Amino acid sequence: MKKNGHSKQNGFSMEQKFYVDPNIFQADLEKIAYVDWLFVDHDSRIPNPGDYFVFNIGKESIIVTRGKDSIIRAFFNVCRHRGSHICTESEGNKQVLVCPYHAWSYDLEGNLKSARSMPETFDKKEWSLIKCHVQVYAGMIFINLSKQDPRDFNSFIAPLKPYMDLHGLGDARIAFRKKFLTNANWKLCVENFYECYHCTPSHPEYCKVHDKTFISAHGGGLNTGPDEDIKKYEKTIKEWKNKTENLGYLNDSYTDETGGMRSASRTPLPNGFLSETVNGKMTAPLMGQFKQGQGNDCGYTNVSFNAFTSLLMSNDHAVVFNFIPNDTLNTTMELLWLIDKDAKEDIDYKVKDLTWLWDITTVADKKIIENNQKGVLSRAYMPGPYSNQEKGVVQLVDWYLNQIST
Amino acid sequence: MKKNGHSKQNGFSMEQKFYVDPNIFQADLEKIAYVDWLFVDHDSRIPNPGDYFVFNIGKESIIVTRGKDSIIRAFFNVCRHRGSHICTESEGNKQVLVCPYHAWSYDLEGNLKSARSMPETFDKKEWSLIKCHVQVYAGMIFINLSKQDPRDFNSFIAPLKPYMDLHGLGDARIAFRKKFLTNANWKLCVENFYECYHCTPSHPEYCKVHDKTFISAHGGGLNTGPDEDIKKYEKTIKEWKNKTENLGYLNDSYTDETGGMRSASRTPLPNGFLSETVNGKMTAPLMGQFKQGQGNDCGYTNVSFNAFTSLLMSNDHAVVFNFIPNDTLNTTMELLWLIDKDAKEDIDYKVKDLTWLWDITTVADKKIIENNQKGVLSRAYMPGPYSNQEKGVVQLVDWYLNQIST
Amino acid sequence: MKKNGHSKQNGFSMEQKFYVDPNIFQADLEKIAYVDWLFVDHDSRIPNPGDYFVFNIGKESIIVTRGKDSIIRAFFNVCRHRGSHICTESEGNKQVLVCPYHAWSYDLEGNLKSARSMPETFDKKEWSLIKCHVQVYAGMIFINLSKQDPRDFNSFIAPLKPYMDLHGLGDARIAFRKKFLTNANWKLCVENFYECYHCTPSHPEYCKVHDKTFISAHGGGLNTGPDEDIKKYEKTIKEWKNKTENLGYLNDSYTDETGGMRSASRTPLPNGFLSETVNGKMTAPLMGQFKQGQGNDCGYTNVSFNAFTSLLMSNDHAVVFNFIPNDTLNTTMELLWLIDKDAKEDIDYKVKDLTWLWDITTVADKKIIENNQKGVLSRAYMPGPYSNQEKGVVQLVDWYLNQIST
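(A) The overall build of chain A, seen in detail. Secondary structure summary: chain A contains 12 helices and 19 strands in total. Dimensions of chain A along its principal axes, counting C-alpha atoms only, are 75 × 55 × 35 Å. Sorting the 406 residues of chain A into buried and exposed places 49% on the buried side. Once local pairs closer than 6 in sequence are excluded, the contacts in chain A between residues at least 24 apart make up 66%.

(B) The arrangement of the interface of chain A and chain B in detail. The interface is formed by 25 residues belonging to chain A together with 23 residues belonging to chain B. Residues belonging to the side of chain A that touches chain B are distributed by class as follows: 11 nonpolar, 9 polar and 5 charged.

(C) Layout of the relation of the copies chain A and chain B. For the pair chain A and chain B, the best superposition has an RMSD of 0.1 Å and corresponds to a rotation of 120° with a translation of 0.1 Å parallel to the axis. The transformation relating the two chain copies, once decomposed into turn and shift, fits a three-fold axis. No C-alpha of chain A approaches the rotation axis more nearly than that of A:Pro22, which lies at 9.1 Å.

(D) Highlighting the interface of chain C and chain B. Contacts between chain C and chain B engage 23 residues on the former and 25 residues on the latter. When contributions to the side of chain C that touches chain B are tallied by element, the ones reaching two or more residues are α6 (199–202) and α11 (351–376) of chain C. Per-element accounting of the side of chain C that touches chain B gives the leading share, 6 residues, to α11(C). Looking at the side of chain C that touches chain B, its residues break down into 9 nonpolar, 12 polar and 2 charged.

(E) Fine view of the confidence of the model for chain A. All names here are of chain A. On average, residues of chain A carry a pLDDT of 96, and 98% of them reach 70 or more. Contacts from residues 1–5, a stretch scored under 50 in pLDDT, to residues over four places away or in other chains number 10 contacts. Interface predicted TM-score (ipTM) for the complex: 0.94; the corresponding pTM is 0.95.

(F) Highlighting the sheet that holds strand β10 (residues 112–114) of chain A. Residues and elements named next belong to chain A. The antiparallel open sheet is built from 3 strands, whose spatial order is β8-β9-β10. Each having just a single partner strand, β8 (97–98) and β10 make up the two edges of the open sheet. Two elements, strand β9 (residues 105–106) and β10, share 2 bridges in a ladder whose sense is antiparallel. Across the sheet, residue Ser-105 finds its bridge partner in β10, namely Ser-114.

(G) Structural view of unusual backbone geometry. Here the phi dihedral of B:Ala103 falls at roughly 65°; this positive angle occurs in a residue that is not glycine. With respect to the element layout, B:Ala103 can be found in the loop between β8 (97–98) and β9 (105–106). A positive phi angle is found at C:Ser70, which is not glycine, with a value near 70°. Residue class for C:Ser70 comes out exposed when judged on the 11 C-beta atoms lying within 10 Å of it.

(H) The arrangement of the sheet that holds strand β5 (residues 60–66) of chain B in detail. All names here are of chain B. Ordered by their spatial adjacency, 7 strands build an open sheet running β3-β12-β11-β6-β5-β4-β7, and the pairing between neighbours is antiparallel. Looking at the sheet topology across the chains shown, the edges are occupied by β3 (38–42) and β7 (91–93). For this sheet, the mean angle separating the axes of adjacent strands, direction not counted, is 25°. In this structure, strand β4 (residues 51–57) lies alongside β7, joined through 3 bridges in antiparallel fashion. Residue pairing in the sheet places Tyr-52 in a bridge with Gly-92 of β7.

(I) Broad picture of the domain arrangement of chain A. Residues and elements named next belong to chain A. What the domain assignment reports for chain A is domain 1 (38–150) and domain 2 (158–405). Using only C-alpha atoms to locate each centre, domain 1 and domain 2 end up separated by 31 Å. Listed per partner, the contact involves 11 residues of domain 1 and 18 residues of domain 2. Sorting elements by how many residues they give to the side of domain 1 that touches domain 2 places strand β3 (residues 38–42) first, with 3 residues. The residue makeup of the side of domain 1 that touches domain 2, split by class, is 6 nonpolar, 4 polar and 1 charged.

(J) Up close: the pairing of strand β11 (residues 131–137) of chain C. Residues and elements named next belong to chain C. Sheet topology places strand β6 (residues 72–76) next to β11; 2 bridges connect them, and they run antiparallel. In the strand pairing of β11, Phe-75 is matched with Lys-131. Relative to strand β12 (residues 140–144), β11 runs antiparallel, the two sharing 5 bridges. The residue bridging Val-136 from the neighbouring strand is Ile-141, located in β12. Between β11 and β12, which follow one another and run antiparallel, lie 2 residues, and Ala-138 among them has a positive phi close to 50°.

(K) Structural detail: the environment of C:Lys178. All names here are of chain C. Mapped onto the fold, Lys-178 is located in strand β13 (residues 172–182). Along the sequence, Lys-178 and Asp-252 sit 74 residues apart, while their C-alpha atoms lie 31 Å from each other. In this view, Lys-178 contacts Leu-335 and Asp-359; residues no more than four positions away in its chain are not counted.

(L) Spotlight on the environment of A:His317. All names here are of chain A. Looking at the secondary structure, you find His-317 in the loop between β17 (309–313) and β18 (318–327). Note on His-317: 28 C-beta atoms within 10 Å, which makes it buried. Residues within four places of His-317 in sequence aside, it is in contact with Ser-275, Thr-283, Ala-284, Trp-337, Leu-338, Ile-339 and Leu-354.

(M) Up close: the nonpolar core. Of all hydrophobic cores here, the largest spans 270 residues; its most connected members are A:Val64, B:Val64 and C:Val64. Once you skip the residues sitting within four places of it in the chain, A:Val64 turns out to touch A:Val40, A:Asp41, A:Ile46, A:Tyr52, A:Phe53, A:Phe55, A:Ile72, A:Ala74 and A:Ile141. Within the second largest apolar cluster, 17 residues are counted, among which are B:Tyr206, B:Val209, B:Phe214 and B:Leu269.

(N) Region of the structure containing the environment of A:Ser405. Tracing the backbone shows A:Ser405 in helix α12 (residues 391–405). Sequence separation between A:Ser405 and A:Trp186 is 219 residues, and the spatial gap between their C-alpha atoms is 18 Å.

(O) Fine view of the packing of helix α5 (residues 186–193) of chain B against helix α11 (residues 351–376) of chain B. Residues and elements named next belong to chain B. As a packed pair, α5 and α11 sit with axes 10 Å apart at the nearest point and diverge in direction by 130°. The pairing of α5 with α11 is recorded here as oblique in orientation. Crossing angle aside, the handedness with which α5 passes α11 is right-handed. Every residue of α11 that contacts α5 at Leu-188, Cys-189 and Asn-192 is listed here: Asp-365, Ile-369, Asn-372 and Gln-373. Here the contact of α5 with α11 is built from residues that sort into 3 nonpolar, 3 polar and 1 charged.

(P) Geometry of helix α2 (residues 22–33) of chain C. Residues and elements named next belong to chain C. Among all positions of α2, only Phe-25, Asp-28 and Ala-33 are buried. Down the axis of α2, the buried set is contained in an arc of 50°. They therefore lie on one face. Facing away from the buried surface of α2 by more than 90 degrees, the exposed residues are Asn-23 and Gln-26. Each element contacted by the buried residues of α2 is listed here: β3 (38–42), β4 (51–57), β18 (318–327) and α12 (391–405).

Each value, and the rule that gives it
Residues numbered from 1 in each chain as written. Chains lettered and ligands numbered in written order. Predicted model: local features only at pLDDT ≥ 70, side-chain atom pairs only at ≥ 80, totals over all residues. Helix = DSSP H or I, 4+ residues; strand = E, 2+ residues; numbered from the N terminus. Buried ≥ 20, exposed ≤ 12 C-beta atoms within 10 Å, placed from the backbone. Contact = placed C-beta atoms within 7 Å. Nonpolar A, V, L, I, M, F, W, Y, C, P; charged D, E, K, R; others polar. Least-squares fit on C-alpha atoms with pLDDT ≥ 70 in both. pLDDT = per-residue confidence, 0-100. Pairing = 2+ DSSP bridges. Axes fitted to C-alpha atoms, helices over the stretch in contact; angles between N-to-C directions. Domains from an automatic or database assignment. Core = buried A, V, L, I, M, F, W, Y, C linked by C-beta atoms within 7 Å. Parallel < 35°, antiparallel > 145°, perpendicular 65-115°, else oblique. Left-handed = near helix turned anticlockwise from the far one by under 90°. Arc of directions from axis to C-beta.

Now the structure itself:
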């Protein structure tokens, strides 16, 4: 494969430079992160007018607010006067966004409302906050930092809507959140997510919860494992599909045919499991259509919006995985656990049980990703061959090299 | 305005690069900091022969000594042998400057006095410490790091002498000093000092002490505010000028007509105030001509030597503000509180009362300056319009762009 | 002297760039550290099959193992799969080297033994760990990171063998080790080792142990001091040489005539001293030929393998000095104290007594080297003249400039 100057041997990992070069990191931001639709949070973080939070990526800081009209908007956290950060806390509630430096004040729609002592020629209308494009679907807030018109959101989100609807993300709320600051290039973090070849040696908890053949065949995403294991697991999936179809639930899969990283799939949990938990029991009340319908279908839903954000969902909870590039060798991996909005802590769910699997698993991932980065910095590093269980990573790096080469 | 490649829109803040680019920071040092006369300390810090202190700027370390002849000299803290720092403590008393590495020994005039085992051709006279140009006026020590002949000191200091004399800085001593290490480009720190547009939202203490119209009209330096407030405050100044003239004190102002950043002004404190303190009462004994003369004239004196150093003075104390560039995104803001040399701690003054206003105010400034830097790092930052209260910053950036463009 | 673009005035220290420029540091690694034979440890650190340790230099991490066949081997700590570090602890015992990421497993000879789910075309034989060249003589393990055939080890080690044999390093073991992480370029650390001009001002302990004339004439290596002191000390050496020759011991010296940094010398300890200790008494049992032969000959042996590693040896113990470049301004100085393998702690030797001199001396050296670096960063630094006691440094920098210029 040869893509405008970035070549890669088929079936081999990428060259060192993609993981260590600050100029390539800058290109990653410009060509990918700043043009993609980026998931920033669930709207239950800002339920009330005036609620806001700050989202950071690279050197950018973005304010996401809910207006008096309940509409969610996003702005660069940069005062139009002399550039100060306006919001200096990570979240809160404000009726007016007042810059702490000179008190320029913006309303929740980003309009400059007051600026003392300005020259007569000064027109407040010209000095609104720099807006980011924002779209919300089913409670999931996406922003786009593009300076031009952003990619069409509807075609971006459309194929994934049924899966979000099925799980009732629009009626969810955040039960817990945790950041894992990781000393590695963001692509090593994402690669780790797109394969489960490492699960056997590194994640005893995940291997206890999931079926061995499932892990091999579909652990890094649908059909990302060896053909024989995909085949071996076919019957299990087929039987479950019949069952869930009878219950009236969606059982489709989706793959982006345009080479993007969007995907969605539904597969069964291990026999007897109702949720992705230590004992297979449910850890929270049913969500979405499962609540209204025929009950738990013992399914497991995997949705990727793009390289930065994915969802792993049982019938009773969803986990958001967000990979946020900070610097060439530093990435924030943030996890959000979503449950039904009416679930009550310690009555309907316990945070410890809800978060058990992916907390302990991400603690381990942070460690192995950082070890990966250390070795990749060596002059002895060279592209190595992928296994049959790493087809998800192959897709990822093909997609990446395509993006970065255009 | 177009200055040899550095353009700026009139009335707007500077482009991002001036606050974030390491090459421009290096140019700032070479073209400004290393050719300007730099205030380093008050000579009361080294009252006795052999006393010394070390002054740091950028990667430079300068030893300032008082010789046996009581003359103050300054040297690069770099041994002529193999380059070691010679003084490794921030201050002390030494009769001989002995390099801790190989014991090359220099007298307090920088002459190499002993170097063991050197070749016969070696001539000690050729290996004196590299001198910095030093000038002292009224206790204020200035150095110049220029490799060539420095700018004329006398013409530099002459216009400011009457103000220094009035306040008796030559008979002062340091009562307290404090460093504020600030994660921001030095120009953001200095800009903060040259405007009081931020005082209303950020400095309740300052606003309690000073008159509202004064703050607007003159808070960032004489006549740096809106014309209407300057006008509104004219009568107050005029009445006070008459009063202080009758007392026999200087009541002039000085502005550098050559585009430099030197200035001096005298304005009244608020009605009933004798000093810039929490209650307007004096916080220390009268200084300088006030002590010898007709007593307190309720004036407030603002002197700037250049962009790096300014003085704010009441009749009973002076505060030195020194802004020292360390690195592109790091600056030391150091404050010195000066009082009459005969004042006795806890009898004539309390450090807590003396330092109250500018300590609490600089703590706040450090914070807002660091927020400013964070936003200026964003790709969304772009030059914004100055208010009518930021004429001091306009002068500053005009001066700066002029310096950096030559 | 003019060497392909790198000029230096004879008898003067090197220009600033060699101590501060990241590009020159990178060249130091490529042209010197990665082609030289590097001492990494004494083989008594890994006595048993499966024992291993990790050696770090620059951004490289090297695993040194002892195989089931007791042979010592070295590998880049980089998994051939996706580049992860394989060993994440500094030492241990392993029968198989299992990558913590995807469990690719290598035997102690570096052969890939297992890799799950690889494509059919995958041939394990092609994916052994990247080997480093390894050679061991008298327990001293050397590696070579060269990608090509390394320099001939035998001709490298041959001239030094008799000195290593005399002191029985092959029958030694490590009694103590200590790392001194030093914020300075590696060349400032090595320069410090190659001269004793700084011993009088900086090392009272060393000066208490050694004769003043010896320090001046030979403290930085044989004949690195002023001619008059070399002459003055001739008789002492001659008398001791006669004595040790009568005892049947080696009393030669060796200097690399090809301009390399290898050397070896034997000189007497001060009158009445049996070992380089606080009171001149032995601190451990005799080693090597002294044990088998006519007892202590009161000699002191100085061996340099290259710029990175030297040995200082009494009849009863040896100290290894290893200077390991980490980054432009950061170096690890690691000391190993070697004693006879049969010596028992607290019965035959006390660590505190054994390590007293070079621990306290290296603590002081770290400090003065870091002060040296600080001054060398100044724009006032310029090459200074060497004393007659710094002939060892002159040889060092001549050698260095030669290496870096080819």
